[in-house]
Amino acid sequence: MVRQHPADLDVVTGAFGYSGAAITAELLATGRRVRTLTDHPGRASTGTPVEVRALDFDDPAGLADSLRGARTLYNTYWVRFPRGRVNHDVAASNCRTLFHAARAAGVSRIVHVSITHPAISSPYPYFRGKALAEQALAETGVSYAVIRPAILFGGDGVLLNNIAWLLRRLPLFAVGGTGDYRVRPIHVEDLARLCVAAGTSEVTSTTDAVGPERPSFLELVRAIARAVHSRARIVRVPRTLIPPLAAVLGLALRDVLLTAEEYRAMTAGLADTDGPATGTVRLSDWIATNADTLGIHYANEINRHFR
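Model, not experiment: these values are computed from the prediction. (Residues numbered from 1 in each chain as written. Predicted model: local features only at pLDDT ≥ 70, side-chain atom pairs only at ≥ 80, totals over all residues. Heavy atoms only, no water.)

### A word on the overall build of the protein
Thought 1: In terms of helices and strands, the protein carries 11 helices and 11 strands.
Thought 2: Over its C-alpha atoms the protein spans a radius of gyration of 19 Å, differing by no more than 12% from the 19 Å that the globule rule assigns to 307 residues.
Thought 3: C-alpha atoms of the protein, sized along the principal axes, occupy 65 × 40 × 40 Å.
Thought 4: Counting the 307 residues in the protein, one finds 51% classified as buried.
Thought 5: Of the charged side chains in the protein, 34 are positive and 28 negative; the average position of the first set lies 5 Å away from that of the second. (Helix = DSSP H or I, 4+ residues; strand = E, 2+ residues; numbered from the N terminus. Rg over C-alpha atoms; globule rule 2.2 N^0.38 Å. Buried < 20%, exposed > 50% of the residue type's maximum accessible area, 1.4 Å probe, protein only. Lys, Arg positive; Asp, Glu negative; His and termini not counted. Charge placed at Lys NZ, Arg CZ, Asp CG, Glu CD.)

### Remarks on the environment of H305
Thought 1: Mapped onto the fold, H305 is located in helix α11 (residues 301–305).
Thought 2: For H305, a relative accessible area of 34% corresponds to the partly exposed category.
Thought 3: Linking H305 and T278, residues 27 residues apart in sequence, is a C-alpha distance of 29 Å.
Thought 4: Contacts of H305, omitting those with residues within four sequence positions, involve H40 and R43. (Contact = heavy atoms within 4.5 Å.)

### Regarding unusual backbone geometry
Thought 1: The phi angle at H229 is positive, at roughly 55°, despite the residue not being glycine.
Thought 2: Mapped onto the elements, H229 comes out in the loop between α7 (217–227) and β11 (233–237).
Thought 3: For H229, a relative accessible area of 68% translates into the label exposed.
Thought 4: In the Ramachandran plot, R254 falls in the positive-phi region, its phi being about 55° despite a non-glycine side chain.
Thought 5: You can see R254 is positioned in the loop between α8 (242–253) and α9 (260–267).
Thought 6: Exposure remark for R254: the relative accessible area of 55% places this residue in the exposed category.

### Re helix α5 (residues 159–169)
Thought 1: When you tally the buried positions in α5, you get 8 out of 11 residues, the bulk of the element.
Thought 2: When we look at burial in α5, the residues that qualify are L160, N161, N162, I163, A164, W165, L166 and L167.
Thought 3: Buried residues along α5 sit against β7 (151–153), β8 (172–176), α7, β11, α8 and α10 (283–289).

### Topic: the packing of aromatic side chains
Thought 1: Following the criterion strictly, the structure yields 8 aromatic pairs and no others.
Thought 2: Between Y181 and Y263 the ring centres are 6.2 Å apart and the planes differ by 90°, which places this aromatic pair in the edge-to-face class. Within this pair, whereas Y181 is found in the loop between β8 and β9 (185–187), its partner Y263 is found in helix α9, the two being separated by 82 residues in sequence. Both residues of the pair, Y181 and Y263, count as buried.
Thought 3: Feature note: the residues W78, Y124, Y126 and F127 constitute an aromatic cluster, connected by ring pairs. (Phe/Tyr/Trp six-rings, centres within 6.5 Å; stacked < 30°, edge-to-face > 60°.)

### Examining the state of the cysteines
Thought 1: Tallying each qualifying case throughout the model produces 0 disulfides.
Thought 2: C195 forms no disulfide, and the closest cysteine sulfur to it belongs to C95, at a distance of 14 Å.
Thought 3: Residue classification places C195 among the buried positions, given a relative accessible area of 0%. (Disulfide = S-S within 2.5 Å.)

### Focus: the pattern of salt bridges
Thought 1: For the coordinates displayed, the defined rule picks out 16 salt bridges.
Thought 2: For the salt bridge of E219 with R182, the shortest nitrogen-to-oxygen distance reads 3.4 Å. Separated by 37 residues along the polypeptide, E219 in helix α7 and R182 in the loop between β8 and β9 bring together distant segments of the chain.
Thought 3: R182 sits in the partly exposed class, given a relative accessible area of 33%.
Thought 4: The salt bridge partner of D274 is R214, with a shortest N-O separation of 3.2 Å. A residue pair is termed long-range when its members are at least 10 positions apart, and D274 in the loop between α9 and α10 and R214 in the loop between β10 (205–209) and α7 qualify at 60 residues.
Thought 5: For R214, a relative accessible area of 32% puts it in the partly exposed group.
Thought 6: Overlapping salt bridges bring together D10, R32 and R71 as one network. (Salt bridge = Lys/Arg side-chain N within 4 Å of Asp/Glu carboxyl O.)

### Re the pairing of strand β6 (residues 143–149)
Thought 1: In terms of burial, β6 is largely enclosed, as 6 of its 7 residues are buried.
Thought 2: Summarising the sheet, strand β5 (residues 109–113) and β6 pair through 5 bridges and their orientation is parallel. Looking at β6, one finds that R109 is bridged to S143.
Thought 3: Of the pairings in the sheet, the one linking β6 to β10 comprises 5 bridges and is parallel in character. Residue V146 lies in a different strand from β10, and its bridge partner there is T206. (Pairing = 2+ DSSP bridges.)

### Things to note about the sheet that holds β5
Thought 1: Reading across from one edge, β3-β2-β1-β4-β5-β6-β10 is the order of the 7 strands in this open sheet, with parallel pairing throughout. Every interior strand has two partners, whereas the edge strands, β3 (51–54) and β10, have only one. Adjacent strand axes in the sheet meet at a mean angle of 20° when their direction is disregarded.
Thought 2: In the sheet, strand β1 (residues 9–13) pairs with strand β4 (residues 72–75) via 3 bridges, with the strands oriented parallel. Residue pairing in the sheet places V11 in a bridge with L73 of β4.
Thought 3: Strands in contact with helix α1 (residues 18–29) are β1, β2 (33–38), β4 and β5; relative to β1, the strand with the most contacts, it is inclined by about 165°.
Thought 4: Packing against the sheet, helix α3 (residues 88–105) makes contact with β1, β2, β4 and β5, and its axis sits at approximately 170° to β4. (Axes fitted to C-alpha atoms, helices over the stretch in contact; angles between N-to-C directions.)

Spelled out as structure tokens, the structure:
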């Protein structure tokens, strides 16, 4: 197949979302042109330099047309939790459709944002689906890089902001068990730099995207509480209580605050790695710098993606 594409065009799925927006900003800063495939074209700001196309997995030929002419595809598409007919198996199948459309379009490089510790045998559908997506990518024969973050922070991220929001407003904040399970967050701009660097390489690779600090979850909550001057009492409760407590809070907030799978995977150590840091922004520094604004407003995940 003869691959014809201008050297300056890349495609990002979800360029107006969280990690996709950071990757897009990094690409534009380096002089690249960006086209996005998105479910949310209305998020495009007036005068955006980003070319907008539909992300329609039911139209593989249309996807290929939208990818044609690009050098690199940066894929951030995924679903955090099942909703409607889309679950993690469907998301993995959608990724396969996208990757094969990229191959048909002559895209020469794919950078895929995955998760730490994906495994086909995982008891957690999220991690199993991510492994299936990685497997589908490897089967295409296109040069690729897989970037595996655990937890993201920075920008308009949800998790740390909403922990701070709860600490600012509730008299109690529950931590399951001892809270000694560790997390390895990376700043979203560090993730973007890793992705763009991988996009310019020709080496097939897999990289854990992790920051320089590895606090326990309890240490993380305490650090945020200190930063926002929370008066909440941080209490340890049996781990089995956290999913139902999160579900009740989610109903009150009309959101999915934390899924049982997310919590259990974190307590199983899947948000931590032993490898070297690949990001440079220190979580503790970022919390201290952003203490005045962290958690002022609740970040509703369902409003962002579905309403």
